[in-house]
Amino acid sequence: MDTLNYIILVPMVYFSFAVFVAGVLYRIAAILKKPSITIPLNVYPQKKPAWLHALADTFLMPAVFKAKPVMWFFLIVFHASIFLLIIGHIELIHSFSIFQIIEHDIFLGRGFVGLTLFISLLYFLFRRFSSNARNLSVPEDYFLLILLLLTIILGSELDWARTWFGYQEMTVDGYQTYLKSMLLFKPDISDVTYSGHTFMLVFHVFFANLFILFFPFSKMMHAIFTIPLNKIRRG
Ligand code: HEM
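What this report covers is the structure whose coordinates are included nearby. (Residues numbered from 1 in each chain as written. Predicted model: local features only at pLDDT ≥ 70, side-chain atom pairs only at ≥ 80, totals over all residues. Heavy atoms only, no water.)

So, the packing of aromatic side chains
Per the counting criterion, the structure on display carries 17 aromatic pairs. Ring geometry for Phe20 and Phe215: centres 5.1 Å apart, planes at 65 degrees, overall edge-to-face. With a gap of 195 residues between them, Phe20 in helix α2 (residues 11–33) and Phe215 in the loop between α10 (198–214) and α11 (222–234) connect regions that are remote in the sequence. For Phe20, a relative accessible area of 24% puts it in the partly exposed group. (Phe/Tyr/Trp six-rings, centres within 6.5 Å; stacked < 30°, edge-to-face > 60°. Helix = DSSP H or I, 4+ residues; strand = E, 2+ residues; numbered from the N terminus. Buried < 20%, exposed > 50% of the residue type's maximum accessible area, 1.4 Å probe, protein only.)

Structure below.
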């Protein structure tokens, strides 16, 4: 079991991040290499400044708001929570004071970031069973949603155990020692593998690794391409 924990918490994490970086760069390079399209993509009226409109299209999604307000609500809540989730994970490496402008515990959000993501993902998943979206869905859509759901349930469980149920065996200090050691390429998992709760962390990191590995080759690349595409459309 110790070997399996080590493989998932150390080499698999390095491998996933390496594939992620190489994969994203490869996808960007492949697109840049393609011949430029001659048909005009900037179909919207030319409102200036185009960058500002592109950012508004990306982060406020006005077209979705008009067509599907409920979907829009969950999309906005989901993406705002992802932003907080990223800060939460960065703070699990080190408590940077820039994020502490508003003083808070680590992990950020007292467990509600995970809960919000969980509810939003259930909505995204069930929407595919019960609406026209079903006809447009491909296996990759379900795979991504289920993978995210598993990662988020397990991550949230770690946080809820600590913050809601007073389970103090796995601590932020322990996570910080582990993640800092990974960043310095001197892996040390001893502070996160002595507890009976370790398997939850190992499962969380396993599914997170799969998600990170899959990211560059999936629809998740919209996270990288949406702003430039909106900019092209806005002229
Ligand atoms: C190798 C990468 C990752 C590591 C090492 C990691 C580690 C952790 C740890 C240790 C916690 C528990 C924090 C606590 O007890 O408060 C946590 C929480 C969490 N993680 Fe991750 N994680 C990783 C990637 C991901 C990814 C890719 C996602 C989803 C996209 C994710 C979603 C979550 C969520 C939702 C929580 C709980 C947030 C909350 O409810 O406040 N994690 N993660």
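A look at the site of the ligand
The environment of the ligand is formed by 23 residues, the closest being His89, Gly114, Asp159, Arg162 and His204. Side-chain polar atom of Arg162 to an oxygen atom of the ligand: 2.6 Å apart, as the coordinates give it. Within the side chain of His204, a nitrogen or oxygen atom sits 2.8 Å from a nitrogen atom of the ligand. Listing elements by their share of the shell around the ligand, those giving two or more residues are α5 (69–91), α8 (139–163), α9 (172–183) and α10. A per-element tally of the shell around the ligand places α8 first, with 8 residues. (Near = heavy atom within 4 Å. Polar contact = N/O pair within 3.5 Å; in protein donor to acceptor, adjacent residues only side chain to side chain.)

Regarding the coordination of the iron atom of the ligand
Six octahedral donors around a metal ideally subtend angles of 90 or 180 degrees, whereas four tetrahedral donors ideally subtend 109.5 degrees. Listed as protein donors to the iron atom of the ligand are His89 (NE2) and His204 (NE2); their distances from the metal cover 2.0 Å. Around the iron atom of the ligand, the 6 donor atoms sit at angles spanning 87 to 180 degrees, and that spread fits a shape best called octahedral. Of this pair, His89 sits in helix α5 while His204 sits in helix α10, and the two are 115 residues apart along the sequence. Residue class for His204 comes out buried when judged on its relative accessible area of 13%. (Donors = N, O, S within 2.8 Å, 3.2 Å for Na, K, Ca; no water. Tetrahedral: all angles 85-135°; square planar, octahedral: opposite > 155°, others 65-115°.)

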